[in-house]
Amino acid sequence: LAELADSPELPDFSLLKRLARDQLIYLLEQLPGKKDLFIEADLMSPLDRIANVSTLKQHEVDKLYKVEYKPIISTSDQVCFLIRPRIQTVKWIYVANADKAAGKFRRYKIIFTPQKFYACEAVLEEQGLFGDVTTDEWAFYLLPLDDDIISLELPEFFRDNFLAGDQRWVRTVGSALHLLHSIYGPFSKIYGIGRCAKMAYESWKEQVEEGDTKARQAEIGNAFLIDRDVDYITPLCSQVVYEGLVDDIFRIKCGCVEFGHDVTSSDKSVKVMLNSQDKVFSEIRNEHFSNVFSFLSQKARNLQTAYDKRRGMDIKQMKTFVSEELKGLKQEHRLLSLHIGACESIMKKKTKQDFQELLKTEHSLLEGFEIRECISFIEEHINRQVSMIESLRLLCLLSITENGLLPKDFRALKAQYLQSYGVDHLLTFANLRQLGLLVEQQPGETLTVMESKVGKLVNDKTAGKLTDAFSSLAKKSHFRALSRKLNLVPKSDEEYDLRVPRDMAYIFSGAYIPLSCKLIEQVLERDSWTGLEEVTKLLNGHEFAFTGSNGADLRAKSDAQRIILVMFLGGCTFSEISALRFLGRERGYKFIVVTTAITNSSRLIEALLGNKV
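Residues numbered from 1 in each chain as written. Predicted model: local features only at pLDDT ≥ 70, side-chain atom pairs only at ≥ 80, totals over all residues. Heavy atoms only, no water.

Q: What is the right way to read the overall build of the protein chain from this model?
A: The number of helices and strands found in the protein chain is 29 helices and 14 strands. Every one of the 613 residues in the protein chain was classed for burial, and the buried ones make up 54%. Within the protein chain, residue pairs in contact and separated by at least 24 positions form 78% of the contacts whose partners lie at least 6 positions apart. Taken as a whole, the protein chain presents about 28700 Å² of accessible surface, with 53% of it coming from carbon and sulfur. (Helix = DSSP H or I, 4+ residues; strand = E, 2+ residues; numbered from the N terminus. Buried < 20%, exposed > 50% of the residue type's maximum accessible area, 1.4 Å probe, protein only. Contact = heavy atoms within 4.5 Å. Areas by Shrake-Rupley, 256 points an atom, 1.4 Å probe, with all protein chains shown as cover.)

Right, dumping it as structure tokens:
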């Protein structure tokens with residue numbers, strides 16, 4: 001309890017929801033009278049967290065439709081579209097608009113969220129629709145998924161930014177940062193690493209200079225911006241903390257998970273909100289899976305004891321028990337049985353896949369041991385067609401940890417993969433190579449020789465641009481060197497007690513400390529990047545640190561100083577969130593994680609498949 005008393009209070013993020021809801025209502029009111037609303041499929045879940053159907057109905061939304069890219073059947077005189085700024089959706093609206101030809105007049109409104117892009121308006125103009133349609137933007141940037149997790153719900157950010165090099169979302173991230181900054185007070189310091197993080201910071205800075213900044217009581221101390229491509233290893237590893245496992249197996253969507261009949265042991269599936277309000281979940285979410293079952297059975301015993309209390313009660317006590325305790329116990333009972341069901345289901349699925357073997361291979365790759373055995377394991381995985389995504393994930397882990405594959409291994413594994421899963425994955429391999437996730441070691445002239453040649457050019461200050469071009473050309477993983485410098489792989493000679501974790505490595509069974517979280521820890525410890533020069537060089541640089549405007553007034557806000565915002569550009573995993581929560585408890589910090597979306601190994605790989613449109 002002393003620990004709890006000591007930890008600072010988190011800011012209240014429900015304000016973000018209220019703001020978003022009020023703005024949406026304001027936009028709907030601008031089409032007075034009854035209207036039909038078409039909502040893009042991937043906005044359904046976030047919208048539901050902000051304004052449910054009854055709220056929409058109160059503002060004269062008559063019928064709700066999902067955007068399904070087929071002809072519009074609405075009979076209403078007013079149609080409103082709530083969409084992401086995607087060109088294909090705008091084109092569909094044009095095709096769907098057969099009204100003009102039919103001589104029918106309706107009012108159309110398109111609400112883009114979180115912002116409108118010039119390209120979308122250009123499409124409207126091209127189609128001659130610009131005059132008939134009013135457009136607006138709903139600046140809904142941030143969805144609080146829990147007390148300490150906020151998501152932009154932009155899963156496409158990762159592919160658009162890192163693969164396609166499309167920087168249109170950078171300003172969105174800057175605006176999200178600006179919103180947090182303007183509501184929760186000025187940050188005292190901002191650190192970051194990664195090219196995108198740097199651009200997002202610049203975009204935010206511009207917006208701060210445009211707006212008026214009144215001195216506000218700061219509720220957040222430091223902010224940390226990190227690009228996903230700084231650390232690909234962590235999201236490629238199998239998750240073994242409870243919340244991560246649930247996400248890997250059942251897919252948590254917008255803070256909700258749907259448990260099927262294998263969990264509920266009835267013919268109905270159940271939707272569950274997974275957050276700190278769920279008393280059972282909040283105690284097991286960050287635990288290593290091996291502890292979860294014993295915790296749940298202990299909880300079940302305590303619950304039984306609480307139920308048994310009613311034996312031998314008199315009427316008055318019984319009345320109090322029913323009015324005060326019973327409802328809570330029943331709720332807890334329901335949640336407990338769901339999480340026990342989920343655990344059983346996870347155990348069944350994971351023994352089937354030989355989970356232990358898989359983890360052993362991952363751990364060997366991270367430590368750099370028995371690489372030939374790992375390669376045969378991966379080959380077998382590919383040839384047995386266990387899972388297309390898993391096979392790619394293991395190939396990427398092998399490539400990053402080994403700093404590229406030997407040409408003969410690369411050719412053999414690629415050929416086997418294409419035979420097993422289809423030639424259309426040639427494009428997938430090209431995508432993975434572009435990101436440096438799956439590359440072939442260059443034969444003959446090693447990079448070091450090239451580096452020394454280029455090095456001569458680069459020493460010249462004017463050739464600053466050249467180093468940049470070179471670092472992207474040689475998207476090299478320096479995992480081994482980073483691992484040594486930052487101690488990412490704990491010594492495996494001593495027993496690691498997963499019940500009492502001693503460092504962040506517990507989230508990977510004690511085998512590996514996530515690089516992203518270790519960087520954050522090191523920078524906060526030093527209060528700068530000083531002393532980490534060798535590390536940042538291995539990570540292609542782009543690190544920065546800026547002191548905010550409220551540097552002088554720190555005494556009064558010692559609590560806010562211990563609240564740290566970490567923003568992941570390109571997705572963040574539940575394992576990383578668990579690791580940061582652990583670090584926070586150890587050091588007396590509270591972390592708020594803001595991410596463009598929640599990711600895991602499957603989502604990361606799926607975003608890079610070549611057969612995606």
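So that's the structure; there's more coming.
Q: Explanation requested: the pattern of salt bridges in the structure shown.
A: Side chains bearing opposite charge may pair, as long as their charged atoms lie close to each other. In this structure the tally under the stated criterion is 32 salt bridges. The partner of arginine 86 in a salt bridge is glutamate 156, with the nearest N and O atoms 2.9 Å apart. With arginine 86 in the loop between strand 3 (78-83) and helix 5 (87-96) and glutamate 156 in helix 8 (residues 156-163), this residue pair connects regions lying 70 residues apart in the sequence. You can call arginine 86 buried: its relative accessible area is 18%. Lysine 349 serves as the salt-bridge partner of aspartate 262, at 3.1 Å between the closest nitrogen and oxygen. Here lysine 349 lies in helix 16 (residues 315-352) and aspartate 262 lies in helix 13 (residues 261-264), a separation of 87 residues in the sequence. Aspartate 262 sits in the partly exposed class, given a relative accessible area of 40%. Exposure remark for lysine 349: the relative accessible area of 29% places this residue in the partly exposed category. (Salt bridge = Lys/Arg side-chain N within 4 Å of Asp/Glu carboxyl O.)

Q: Sorry if this is basic, but what is going on with the packing of aromatic side chains here?
A: Two aromatic rings are characterised by how far apart their centres lie and by the angle between their planes. One pass over the full model with this rule turns up 26 aromatic pairs. Aromatic side chains phenylalanine 38 and tyrosine 65 sit 4.7 Å apart centroid to centroid with 20° between the ring planes, which places their arrangement in the stacked category. Of this pair, phenylalanine 38 sits in strand 1 (residues 35-39) while tyrosine 65 is found in strand 2 (residues 61-66), placing the two residues 27 residues apart along the sequence. Judged on exposure class, the residue phenylalanine 38 and its partner tyrosine 65 are both buried. (Phe/Tyr/Trp six-rings, centres within 6.5 Å; stacked < 30°, edge-to-face > 60°.)

Q: Can you walk me through a negative patch on the surface in this structure?
A: A cluster of acidic residues, Glu202, Glu206, Glu209 and Glu210, forms a negative patch on the protein surface. For glutamate 209, the position within the fold is in helix 10 (residues 195-210). The exposed category is assigned to glutamate 209, whose relative accessible area is 61%. (Patch = residues over 30% accessible without salt bridge, like charges linked within 9 Å, V, L, I, M, F, W, Y side chains within 5 Å. Lys, Arg positive; Asp, Glu negative; His and termini not counted. Charge placed at Lys NZ, Arg CZ, Asp CG, Glu CD.)

Q: Help me understand the sheet that holds strand 5 (residues 133-137), please; the structure alone is not making it clear to me.
A: Strands sit in the order 2-1-3-4-5 across an open sheet of five strands; the sheet is parallel. The open sheet has two free edges, formed respectively by strand 2 and strand 5, since each of these has just one partner strand. Along the sheet, successive strands turn relative to each other by an average axial angle of 20°, direction set aside. In the sheet, strand 1 pairs with strand 3 via four bridges, with the strands oriented parallel. Directly across from aspartate 36, in strand 3, lies its bridge partner valine 79. Lying over the sheet, helix 2 (residues 14-29) contacts strand 1, strand 2, strand 3, strand 4 (107-112) and strand 5, oriented at roughly 170° with respect to strand 5. (Pairing = 2+ DSSP bridges. Axes fitted to C-alpha atoms, helices over the stretch in contact; angles between N-to-C directions.)

Q: For this particular structure, what's the right way to read helix 20 (residues 407-421)?
A: Because an α-helix packs 3.6 residues into every turn, residues spaced three or four apart end up facing the same way. With 15 residues, helix 20 should cover 21 Å at 1.5 Å per step; its first-to-last C-alpha distance of 21 Å lies within 8% of that length. For helix 20, the set of buried residues is Pro407, Asp409, Phe410, Leu413, Gln416, Tyr417, Leu418, Ser420 and Tyr421. In this structure, the buried residues of helix 20 make contact with helix 18 (371-383), helix 19 (388-401) and helix 21 (426-434). Two residues or fewer after helix 20 comes glycine 422, characterised by a positive phi angle close to 110°. (Expected span 1.5 Å × (residues − 1).)

Q: I would appreciate a short explanation of the side chain of asparagine 286 in the present structure.
A: By secondary structure assignment, the location of asparagine 286 is in the loop between helix 14 (279-284) and helix 15 (289-308). Given the relative accessible area of 12%, asparagine 286 is considered buried. A distance of 2.9 Å separates the side chain of asparagine 286 from the side chain of serine 578, its partner in a polar contact. Contacts of asparagine 286, omitting those with residues within four sequence positions, involve Val241, Tyr506, Ser578, Arg581 and Arg585. (Polar contact = N/O pair within 3.5 Å; in protein donor to acceptor, adjacent residues only side chain to side chain.)

Q: Can you help me understand the side chain of serine 391 in this one?
A: Topologically, serine 391 is positioned in helix 19. A relative accessible area of 0% places serine 391 in the buried class. A polar contact of 2.9 Å, which involves the side chain of serine 391, links it to the backbone oxygen of serine 387. Here serine 391 is in contact with Ile378, His381, Ile382, Tyr417 and Tyr421, once residues within four sequence places are set aside.

Q: Could you clarify how one ought to interpret unusual backbone geometry in this entry?
A: If a residue is not glycine, its phi is most likely negative; likewise, a peptide bond is most likely trans. Here the amide bond leading from threonine 113 into proline 114 is cis, since omega sits at 0°, within 30 degrees of zero. Relative to the helices and strands, proline 114 is located in the loop between strand 4 and helix 7 (118-126). Located in the positive-phi region is glutamate 370, a residue other than glycine, with phi close to 45°. By the secondary structure assignment, glutamate 370 is in the loop between helix 17 (355-367) and helix 18. Residue class for glutamate 370 comes out partly exposed when judged on its relative accessible area of 43%. One non-glycine residue, aspartate 527, adopts positive backbone phi at about 65°. Exposure remark for aspartate 527: the relative accessible area of 39% places this residue in the partly exposed category.

Q: What is the right way to look at the sheet that holds strand 9 (residues 222-227) in this model?
A: Two pairing modes exist for strands in a sheet, parallel and antiparallel, and in both the strands are linked by backbone hydrogen bonds. Spatial strand order, 6-7-14-13-9-8-12: seven strands in an open sheet with mixed pairing. The sheet is open, and its two borders are formed by strand 6 (143-146) and strand 12 (543-547), each paired with just one other strand. Averaged over all pairs of adjacent strands, the angle between their axes in this sheet comes to 20°, without regard to strand direction. Here strand 13 (residues 563-569) pairs with strand 14 (residues 590-595) via six bridges, running parallel. Within strand 14, the position partnered with methionine 567 by the bridge is valine 594. Contacting strand 8 (189-193), strand 9, strand 13 and strand 14, helix 25 (residues 515-526) runs over the sheet at an angle of about 145° to strand 9.

Q: What's the story with helix 2 in this structure? I'm lost.
A: Helix length check: helix 2 (16 residues) gives 23 Å between terminal C-alpha atoms against 22 Å at 1.5 Å per residue, within 8%. Within the sequence span of helix 2, burial applies to Leu16, Ala20, Leu24, Ile25, Leu27 and Leu28. Along the axis of helix 2, the buried residues cluster in a sector spanning 165°; they form a single face. (Arc of directions from axis to C-beta.)

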